[in-house]
Amino acid sequence: MNVDEFVTTNEPKAGGETFQLENGKLLDIDLDGTVIAKAGSMIAYDGDVSFQGKSSAEGGITGFLKEKATGEGTPVMEATGTGHLYLADQEKKIQLLDLDAGQSISVNGNDVLAFESSVNYEIRTIKSIAGFSAGGMTNVFLEGPGSVAITTHGEPLVLRPPVRTDPSATVAWSGTTPGSHVDNAFSNMIGQSSDETYQLEFTGSDGFVVVQPYEETTPQQ
């Protein structure tokens, strides 16, 4: 294609939503106020937008992801003003969710890209998950109303309980809470310790679980 065609094909699309995808890996936020975003995810912006970085220390907005979760923590930022904010995270696929008032989802900290300031959030640690540190497994609990953008390696698969999942491939869940399951058959079959030995177990028949076709090298702990 010629230069004009290239520009026309790839320039931002007209829309009216606060959160909209320019493509499967790039989020366009029509900003008029404040959003919370993963630090380092901004690739461009226009208009009058200011950024305030937040460390990963616990407490208030800085508690987005406990430092012990990955050993390094995941800092976030507040973007405030008017304009368009463009976000991406290492070419991961972006999934947009609109939460109604009272609707909630729990997401691994590495997989939260952005959410509107109207969304309430809380750090939740699930104790006694086999294969994790003594501190338990830490996720970000998000409750609407508002838009949430999460990321996945590849296309996600949404499963209904009862189901068991690999913690390293588990992105999010809603309406259900995981317990732990240890399956030594995987170790015996492989002949050595395997990540699949430790599984998340979702029981009952309510809610859903989101997994991705990829195992994170460092599970959320």
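Residues numbered from 1 in each chain as written. Predicted model: local features only at pLDDT ≥ 70, side-chain atom pairs only at ≥ 80, totals over all residues. Heavy atoms only, no water.

1. Focus: the overall build of the chain
Along its length, the chain carries two helices and 16 strands. Expressed as a percentage of its 221 residues, the buried residues of the chain come to 46%. Counting only contacts in the chain whose residues sit at least 6 apart along the sequence, the fraction spanning at least 24 positions is 77%. (Helix = DSSP H or I, 4+ residues; strand = E, 2+ residues; numbered from the N terminus. Buried < 20%, exposed > 50% of the residue type's maximum accessible area, 1.4 Å probe, protein only. Contact = heavy atoms within 4.5 Å.)

2. Describing the nonpolar core
By size, the foremost hydrophobic cluster in this structure holds 16 residues, and its most contacted members are Ile105, Val107, Val112, Phe115, Leu142, Val148 and Ala172. Looking at this core, the elements that each hand over two or more residues are β6 (104–107), β7 (112–116), β9 (137–143), β10 (146–152) and β13 (170–174). One finds Leu31, Met77, Ala79 and Leu85 within the second-largest nonpolar core, a separate group that totals 15 residues. (Core = buried A, V, L, I, M, F, W, Y, C linked by side-chain atoms within 4.5 Å.)

3. Some points on the confidence of the model for the chain
With 75% of its residues at a pLDDT of at least 70, the chain reaches an overall mean of 82. Taken as a whole, residues 190–194 scores under 50 in pLDDT and shows three contacts with residues more than four places along the chain or in a different chain. (pLDDT = per-residue confidence, 0-100.)

4. Here's the deal with helix α1 (residues 3–10)
Of all eight residues making up α1, only zero are buried, and the element is barely covered by its neighbours. Where α1 begins, the capping side chain belongs to asparagine 2, and its oxygen is found 3.1 Å from the backbone nitrogen of aspartate 4. (Polar contact = N/O pair within 3.5 Å; in protein donor to acceptor, adjacent residues only side chain to side chain.)

5. So, a nonpolar patch on the surface
A cluster of nonpolar side chains, Met1, Val3, Phe6 and Val7, forms an exposed patch at the surface whose accessible area comes to about 450 Å². Tracing the backbone shows valine 3 in helix α1. (Patch = residues over 30% accessible without salt bridge, like charges linked within 9 Å, V, L, I, M, F, W, Y side chains within 5 Å. Areas by Shrake-Rupley, 256 points an atom, 1.4 Å probe, with all protein chains shown as cover. Salt bridge = Lys/Arg side-chain N within 4 Å of Asp/Glu carboxyl O.)

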